[in-house]
Structure formats: C-alpha cells, structure tokens
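# Fold and contact review
Residue strings, one per chain:
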There are 2 protein chains.
Amino acid sequence: MKPKLSKPRPKQDTAQRIRAAADELFCGRGFAAVSVQDIAHQARVQKALVFYHFGSKEALFEQILEGYYQAHRDALATAYAGAGTVRERLHRMIDAYLTFMADHARYAALIQQQVGSPETHPLIERNLAPLFTWIEQALAELTPASGPLAPRHFFLTFSGTVINYFTYAPLLAPLWGSDPTAAAALDERRRHVHWLVDTVLDALTAARPPRPRSGQSSRG
Amino acid sequence: MKPKLSKPRPKQDTAQRIRAAADELFCGRGFAAVSVQDIAHQARVQKALVFYHFGSKEALFEQILEGYYQAHRDALATAYAGAGTVRERLHRMIDAYLTFMADHARYAALIQQQVGSPETHPLIERNLAPLFTWIEQALAELTPASGPLAPRHFFLTFSGTVINYFTYAPLLAPLWGSDPTAAAALDERRRHVHWLVDTVLDALTAARPPRPRSGQSSRG
DNA sequence: CTCGGGCTTGACCGAATGGTCAAATAACTG
DNA sequence: CAGTTATTTGACCATTCGGTCAAGCCCGAG
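These notes cover the structure that comes with them. (Residues numbered from 1 in each chain as written. Chains lettered and ligands numbered in written order. Predicted model: local features only at pLDDT ≥ 70, side-chain atom pairs only at ≥ 80, totals over all residues. Heavy atoms only, no water.)

## A short note on the packing of aromatic side chains
Within the structure shown, the criterion is met by 26 aromatic pairs over all chains. With centroids separated by 5.2 Å and ring planes inclined at 35°, the aromatic side chains of Tyr68(B) and Tyr107(B) adopt a geometry described as tilted. Placement of the pair is Tyr68(B) in helix H4 (residues 57–81) and Tyr107(B) in helix H6 (residues 107–115), with a sequence separation of 39 residues. Residues Tyr68(B) and Tyr107(B) agree in their burial class; the two are buried. Grouping aromatic residues by their ring pairs yields a cluster made of Phe132(A), Phe155(A), Tyr165(B), Phe166(B) and Trp176(B). The positively charged end of Lys57(A) is found above the aromatic ring belonging to Phe31(A), 4.3 Å away from the centroid. (Phe/Tyr/Trp six-rings, centres within 6.5 Å; stacked < 30°, edge-to-face > 60°. Helix = DSSP H or I, 4+ residues; strand = E, 2+ residues; numbered from the N terminus. Buried < 20%, exposed > 50% of the residue type's maximum accessible area, 1.4 Å probe, protein only. Lys NZ or Arg CZ within 6 Å of the ring centre and 35° of its normal.)

Spelled out as structure tokens, the structure:
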C-alpha cells in the first residue's frame, strides 16, 4: 500500500521551490544580476541547499533554460506535426508560439537576454536549430529557396513579430494605458499575426504559380 | 596662435577610452555581468578613473545607453521627417533603422537585455515613446485606428522584423554557415523588409477605399 | 621658478559574491 | 531499536564587487 515508489521524498519540493524562485528571478533580472542568496531567500531556503541540489548557479540556470527551451520546442513541434495544408500548419505554429509566450511571459525576456552571451550559445543553438529547420521545410514549397523571400527571412520575421510583442510588453503598458498581455490584447495580437501570415502567403502564391510541381527553384 | 581653447586637455581621450570599453563590454555581456575592473582593464586605465570621470558604474551605463538611444532616435527622425508619401517615408525609416542597427551591431543586444530591467524603464520609455508616436501618425491614414490592424501592431511587427535579425545574428551565423551581418546578407534582409512593407501596405490599401476621407474606423 | 587645479595612481574599505564543509537532523530500511 | 542515507543547517572561505581617499603627477598661468 505504498502510494509512492522507493523515493517518496516528502521534502522533494525543496528543489522545485528553488527552481521556481530561480526561474522568476532569472527571467526578471537576467543571470548575472541575480545572486544565489536572492534565489535562496525567495525560495525561503538555506543558500547551501541551492548548491546541494543543483551544484552551481550556472547549472541551475542551464537547467531552467533547458526546460524552457524543451517545452517551447515541444509545443511548436506538436503544432507543426498535425495534418493540414502548409498554411494551416503555419497558423497552428503561430498560435502555439503565441500561447506559449503568453503562458510563460518572462521566457521572452530570458532568451533575449541570453542570446547575447556566448557561453550559452550551444544551448540555444541546439534548441533553435530544429525550429529553423521546420520553418524552412514548411515554407520551402511556397517561397524561393534563396534571396529576400527565402524561408529564413520569414522565420526571422514571424518569430520577431511574435516575440517582440512580449519583449516590449512591459514597456508598452504605460504607453498604451492597458496591459498588452491581457487576454483581449493578446487575442488582438493573435489576429494581427494571422492576418500577416495570410497576407504574406497570399502575396507569395500570387507571385508564382500555385504549384511549381518541380521543387527545384532556379533562383531569381 | 593657440589651436585649442582654454581647456586643451591633452589626455581628454581617457574618458572616451573608458566610454568605448564600457560600450563594448556592456553590449556584449550586459550591465550586471561587467565589472568596473573589466572596463578599466579594457580601457588600459586605472579603475578609480572610471569613477572620477563618470561618478558611478550606473551613471556610465546610462550615459552610454542615452547616447545610443539619442542617435537611434535622431536617425529615425531624420528619415521620417523628409518629404514624400507615407509609403516612401516608411521605407526610408526602415532603411534608417536597418542601417543604424548594422552600424551599431551590439545595440540590439543591449536594449533587448535592458528592456527587462525595471530601473531603466523610464529611460527606455522616454526614447521609445516618440518612435511609437511617429509610426502611429504615419500609419494612421492607412490602417484602422484600432483592432488587429491598428498602427501599434505594425509598429511592433516592423520593429521586431528589423531588430530580431540582429538579435539572432550571432546565433544564426553557424546555422547559416555565413555571417548575417555581412554586407550582402544585410542587403538581402533589407530587401526582405521592404518587400514586407510593400506587401502589407498593398493589402491594407486594397482592403479599404484608397482614401476613406473620414479617419474614423468603425472597428470590425 | 612657484603656484594651483585638473588628472592619475595605488592602496584601501565594507559588503556581497559563488562556493565549501562538518556537523546536525530527518527519513527510510532492516 | 540501530544503521544508513538523504537532506538541511549555519558558519566559513577566498575573491571580487562598487566605491573612496590621500597623495602624487602634469600641466599651463603668473
């Protein structure tokens, strides 16, 4: 009648409390501006416990970052994997992206802060690469393979359109007089991005034959 | 025959050396991750000189940030101020934005890093507000006043499209196998953004009468 | 020359940093 | 119960942090 396995760990939540505290602080202030003391205090835990459970401040940070990236990647992979036309799948991916960002509001700030620091580049690259590959594949049949309308550009354009909204949300709140992350505002943004995707895809398909049949592009 | 005024300051470049060193380091690693020692070492200068010339680490940082913002704002203001149609002025503004970012490659990382820290919000807001106002004015006659196609959304979309390219450039280099900030790549990006602006404006003007005359939108 | 003030230096400060450790405690196993 | 292991504690470490200070340097002015 043991409801738990051989490792019940009644106080296992300690690590989780530390993780949660670190998550919030890192996202709000960035890696360097947060001390282990801060994290321990926020988690109402002894500082040494942070090192006991995670080894070092860097390891804790990378664990949090990795978790975020994995959740993000999985969310987009699920959205992309389903059936439907390329356009439908792209819309689903945009939706998933927006939803994920809305659910993890501070994630945007975190990655934007960390993109600049060379030591975390391998970690980011490892998680960014599949995203990049998906978009390239999805757009391959709609856009030229190279040049200003190549998939890579739309990848950056769409991802920037989504992420920039959340990056600047805290700054825009006072300018707008309302919270950009509120449900209504988010839905409006969602419709904007969908409109943009449709407009772009319409323009792309109008410019070239609807189905070139031969996937090879001769480069304009 | 004095070539200089009452303040020749043969070693005036010290402050400039410190500024340059701080600029590079702050942009590369962010405020918190850079120590005054680092700055002094990079500038080949005694640490105390940093405090003599700038008072504090924060003051030095804000001076650099302010300088960047002012140059950025001025560049966009000049581009926007000229004659021409709204479309032409928008294209000029995009061009100025891209050029400024290319000339100050690390600026993108800096502001993205700082957007998240509440203490610099007033500084950023002060410099972001006019930008926001310009775009809203410029787009007012082309887009609905509210809803998913309101000017504010296009402001975020276009600025994200520009800035995101530079934010992710260091990460994309290994993925692409070439430097996204090289002249050829930048020109391609420039054409992409111009294509996007034209496509969006075409769609907006096609959807509604070319000149609604009455600026009031009934919101869909 | 002397004077005086803007630079520059290097030593110094208290506080905070990331990290360690031995000892104490809690929890589970036999 | 004893024995073992996982967890927790608080003191402790060396280093670095942002910042100060008094003394010296270098300069042009008188």
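## Overview of the packing of helix H7 (residues 121–139) of chain A against helix H8 (residues 151–176) of chain A
Residue and element names in this part refer to chain A. Contact geometry of H7 with H8 gives a least axis separation of 9 Å together with a crossing angle of 120°. By the angle between their axes, H7 is oblique relative to H8. Note on packing geometry: the crossing formed by H7 with H8 is right-handed. When H7 is examined against H8, the residues Leu 128, Leu 131, Phe 132, Ile 135, Glu 136 and Leu 139 are found in contact with a partner set consisting of Pro 151, Arg 152, Phe 154 and Phe 155. A class-by-class count of the residues in the contact of H7 with H8 yields eight nonpolar, no polar and two charged. (Axes fitted to C-alpha atoms, helices over the stretch in contact; angles between N-to-C directions. Parallel < 35°, antiparallel > 145°, perpendicular 65-115°, else oblique. Left-handed = near helix turned anticlockwise from the far one by under 90°. Contact = heavy atoms within 4.5 Å. Nonpolar A, V, L, I, M, F, W, Y, C, P; charged D, E, K, R; others polar.)

## Concerning the interface of chain B and chain A
Taken together, the contact pairs 47 residues of chain B with 46 residues of chain A. Here chain B meets chain A over a buried area of about 4,700 Å², counting both sides, of which 69% is carbon and sulfur. The tally of links from chain B across to chain A stands at zero salt bridges. The interface formed by chain B and chain A holds 14 residue pairs in polar contact (both at pLDDT 80 or more) in total. Listed by contribution, the elements that provide at least two residues to the side of chain B that touches chain A are H6, helix H7 (121–140), helix H8 (151–176) and helix H9 (183–207) of chain B. By residue class, the composition of the side of chain B that touches chain A is 26 nonpolar, 15 polar and six charged. (Buried area = accessible area lost by both parts, 1.4 Å probe. Salt bridge = Lys/Arg side-chain N within 4 Å of Asp/Glu carboxyl O. Polar contact = N/O pair within 3.5 Å; in protein donor to acceptor, adjacent residues only side chain to side chain.)

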